[in-house]
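Read off the chains here:
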Amino acid sequence: ENKLFHLAPLLYEVPSTFEVDVKEDECITQFGDINQPRRREFLNNLNKYVKSENRSGVYRDVYKVYKRANILLNIHQTPDHHTPEELRILPALRSGCLVISEESPLTKCILYDRFVTWSTYSEIPQVAQKVLADYESIYRKTIGSSFFKSRMKRMEKVNLLTAEKIAKKVNEIAAAAL
């Protein structure tokens, strides 16, 4: 009972309005090592379809990187890693950056899955090209929508309730130890 708690990484405030504008970077990746074979292959293929920049090594105020980009492209580190990078995806969305991510199991269970464009590893470059071609429309239907803002508010409330449960559990454990 209550052995697992989840706090969504709601690191940045959602602006009251997002502007659909031309940004400095069309597409970005955030690979620590671009020379890993899977990442190198991905970037070589990607550059045939869209202009991209790898923005790595940013650990503070990463929202500034996301605010300058139209799309964050997110792939799994290896073919055997099958988790969405929530610590990248959610802050990017909340900063006004669209996200195209490699498909992962159980994405339909993620509260913000409808705001992410899910794709196979091999098709992400072509999907990025299509999203850029219809950027304004996709932006308005996803993170520019009122539903996105209400979903983010809901997630903030869930985080508060979860934090309260954690505090209660910690207090119970501390009281039992006395």
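Located above this text is the structure these notes cover.
Rules used in this analysis
- Residues numbered from 1 in each chain as written.
- Predicted model: local features only at pLDDT ≥ 70, side-chain atom pairs only at ≥ 80, totals over all residues.
- Heavy atoms only, no water.
- Helix = DSSP H or I, 4+ residues; strand = E, 2+ residues; numbered from the N terminus.
- Contact = heavy atoms within 4.5 Å.
- Pairing = 2+ DSSP bridges.
- Axes fitted to C-alpha atoms, helices over the stretch in contact; angles between N-to-C directions.
- Buried < 20%, exposed > 50% of the residue type's maximum accessible area, 1.4 Å probe, protein only.
- Salt bridge = Lys/Arg side-chain N within 4 Å of Asp/Glu carboxyl O.

J.: Can you lay out the side chain of S119 for me, pointing to particular residues and giving the numbers?
T.: Inspection of the secondary structure puts S119 in strand β5 (residues 116-119). Residues within four places of S119 in sequence aside, it is in contact with I100, S101, E102, E103, I124 and V127.

J.: With reference to specific residues and values, describe the sheet that holds β5.
T.: As summarised here, the arrangement of the five strands in space is β2-β1-β3-β4-β5, forming an open sheet in which the pairing is parallel. The open sheet has two edge strands, β2 (52-54) and β5, and neither has a second partner. Averaged over neighbouring strand pairs, the angle between their axes works out to 25° when direction is ignored. Note that strand β1 (residues 25-29) and β2 share three bridges and pair parallel. When the bridges of β2 are listed, C27 appears paired with S52.

J.: So what's going on with unusual backbone geometry? Residues and values would help.
T.: Notably, D61 is not glycine yet its phi reads approximately 50°, a positive angle. Relative to the helices and strands, D61 resides in the loop between β2 and α2 (63-67). On the basis of relative accessible area, D61 is assigned to the partly exposed category, the value being 40%. With a phi close to 65°, L106 is a non-glycine residue in the positive phi region. Within the secondary structure, L106 is located in the loop between β4 (98-102) and β5.

J.: Residues and numbers for the pattern of salt bridges, please.
T.: Taken as a whole and assessed by the stated rule, the structure comprises seven salt bridges. Across the pair R55 and D25 runs a salt bridge, and its minimum N-O distance is 2.8 Å. In this pair, R55 sits in the loop between β2 and α2 while D25 sits in strand β1, placing the two residues 30 residues apart along the sequence. The salt bridge partner of R140 is E136, with a shortest N-O separation of 3.0 Å. Residue R140 and its partner E136 are both found in helix α5 (residues 135-141); the two are separated by four residues, about one turn of the helix. Owing to a relative accessible area of 44%, E136 belongs among the partly exposed residues under this scheme.

Shape is all these values report; function is a separate question.
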